[in-house]
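Residues per chain, in single letters:
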Amino acid sequence: MMNFDLVGKTAIVSGSTQGIGKAAAIELSKMGASIVMIARNEEKLQSSLLDLDTSQHQKHSYLVADFSNPTNLKNAIQHYVSNGGKANILVNNTGGPKGGAIKDAPIEEFLSAFNQHLICNHILVQALYPLMKEDGYGRIINIISTSVKQPLPNLGVSNTIRGAVANWSKTLANELGGFGITVNNVLPGATNTSRLQSIAQVKADQFNETVDDVFAEMASESPMKRIAEPEEVAAAIAFLASPSASYINGINVPVDGGRTKSL
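Described below are features of the structure shown in this document.

**Here we look at the sheet that holds strand β6 (residues 181-188)**
At step 1: Strand order in the open sheet formed by seven strands is β3-β2-β1-β4-β5-β6-β7, and the pairing between neighbours is parallel. Looking at strand neighbours, the two that pair on one side only are β3 (61-64) and β7 (252-255), the edges of this open sheet. With strand direction ignored, the average angle separating the axes of adjacent strands in the sheet is 20 degrees.
At step 2: Two elements, strand β4 (residues 89-92) and strand β5 (residues 138-143), share four bridges in a ladder whose sense is parallel. In the sheet register, Leu90 faces β5, and the bridge partner there is Ile140.
At step 3: Along the sheet, helix α1 (residues 19-30) contacts β1 (10-14), β2 (34-39), β4, β5 and β6; its crossing angle with β1, the most-contacted strand, is approximately 170 degrees.
At step 4: Sitting on the sheet, helix α5 (residues 156-176) is in contact with β4, β5 and β6, with an inclination near 160 degrees to β6.

Structure, rendered in structure tokens:
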């Protein structure tokens, strides 16, 4: 029988006040997990807490941290751990770098993206995997992009950094699997989030189109002829976080309606 019960488990979800992160936090709370939301805007965090399920006596909380400042994040998560915080599930999710051709990308954009994604992910893992190891249950799920399988046009910095995170994740899966901790990546395709709106607006301005035109073009690239909703990506995250995914480790799971050409 499939087991999706997360009662008694704690999930740390970053970027959880909007989009895929928020959808994931809501879905995991419905499965019984207590959620610790991480984002930089405290007002949005307080509001988002109200959307989480509490029917199974979950205790939700939040941490205020800015992923553009790794030291700030490190201090916040260390304070959480030193004060008795728990963690069984970690969802690494951060807004992607801005679009643009890689040949024109300033060095600073690579450094900023590297810090916000790989370095901040690593800070969270180093702080939390000992808690997972101690509890005998760990799930690390990284929200990346289908670009790790097929680089996307006009997203040069993102393509580069996502690839680095994917290889970091695979290496981590090899090291932590023996402790009952799995590490997997979810690769969203075009998903109805504020980031996609931003990317669409840039393209619309560039080619004298409307955002609706760009969205229609994106939808046409998928065999399903539509873009995803955040809840559809969250469903894949929830499965990988569940007890039923205990032997799934070190993989990339595209959630793109079949858009990616490679297997």
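From this point, the narrative continues.
**Concerning empty space enclosed by the protein**
At step 1: Under the criterion given, the structure shown has one cavity of 30 Å³ or more.
At step 2: Roughly 50 Å³ of volume is contained in the largest cavity.
At step 3: Contributing to the lining of the largest cavity are Asn92, Asn93, Thr94, His117, Asn121, Ile143, Ile144, Arg162 and Val165.
At step 4: Where the lining of the largest cavity is concerned, the elements lending two or more residues are α4 (107-135) and α5.
At step 5: Its residues placed into classes, the lining of the largest cavity shows three nonpolar, five polar and one charged.

**Focus: the pairing of β3**
Note on strand geometry: in a regular strand, side chains alternate between the two faces of the sheet.
At step 1: Taken together, the four bridges between β2 and β3 define a ladder with parallel strand orientation. Across the sheet, residue Met37 finds its bridge partner in β3, namely Tyr62.
At step 2: Taken together, β2, helix α2 (residues 42-49) and β3 constitute a β-α-β crossover, and its handedness is right-handed.

**Considering the pattern of salt bridges**
Side chains that differ in charge, positive against negative, can pair when their charged atoms come close.
At step 1: Using the criterion set out here, one finds five salt bridges in the structure.
At step 2: The salt bridge involving Lys22 is made with Asp51; its shortest N-O contact spans 2.8 Å. Placement of Lys22 in helix α1 and of Asp51 in the loop between α2 and β3 is noted, with a sequence separation of 29 residues between them.
At step 3: Salt-bridge contacts for Glu109 lead to Lys98; the nearest nitrogen and oxygen are separated by 3.4 Å. Here Glu109, found in helix α4, pairs with Lys98, found in the loop between β4 and α4; they are 11 residues apart in sequence, far enough to count as distant.

**Looking at the packing of aromatic side chains**
At step 1: Under the counting rule described, the total for this entry stands at one aromatic pair.
At step 2: Ring geometry for Phe4 versus Phe239: centroids 6.3 Å apart, planes at 70 degrees, classification edge-to-face. Within this pair, whereas Phe4 is found in the segment before β1, its partner Phe239 is found in helix α8 (residues 230-241), the two being separated by 235 residues in sequence.
At step 3: The ring of Tyr137 has Lys9 lying over it, and the distance from NZ or CZ to the ring centre is 4.7 Å.
At step 4: For Lys133, the ring lying beneath its charged end belongs to Phe179, and the centroid distance is 4.3 Å.

How each quantity is defined
- Residues numbered from 1 in each chain as written.
- Predicted model: local features only at pLDDT ≥ 70, side-chain atom pairs only at ≥ 80, totals over all residues.
- Heavy atoms only, no water.
- Pairing = 2+ DSSP bridges.
- Helix = DSSP H or I, 4+ residues; strand = E, 2+ residues; numbered from the N terminus.
- Axes fitted to C-alpha atoms, helices over the stretch in contact; angles between N-to-C directions.
- Contact = heavy atoms within 4.5 Å.
- 1 Å grid on protein atoms, 1.4 Å probe; cavity = no way out; pocket = protein on both sides within 12 Å on 5 of 7 lines; lining within 4 Å.
- Points joined across faces, edges and corners; volume = space filled by probe spheres on them.
- Nonpolar A, V, L, I, M, F, W, Y, C, P; charged D, E, K, R; others polar.
- Right-handed = clockwise from strand over helix to strand, strands pointing away.
- Salt bridge = Lys/Arg side-chain N within 4 Å of Asp/Glu carboxyl O.
- Phe/Tyr/Trp six-rings, centres within 6.5 Å; stacked < 30°, edge-to-face > 60°.
- Lys NZ or Arg CZ within 6 Å of the ring centre and 35° of its normal.

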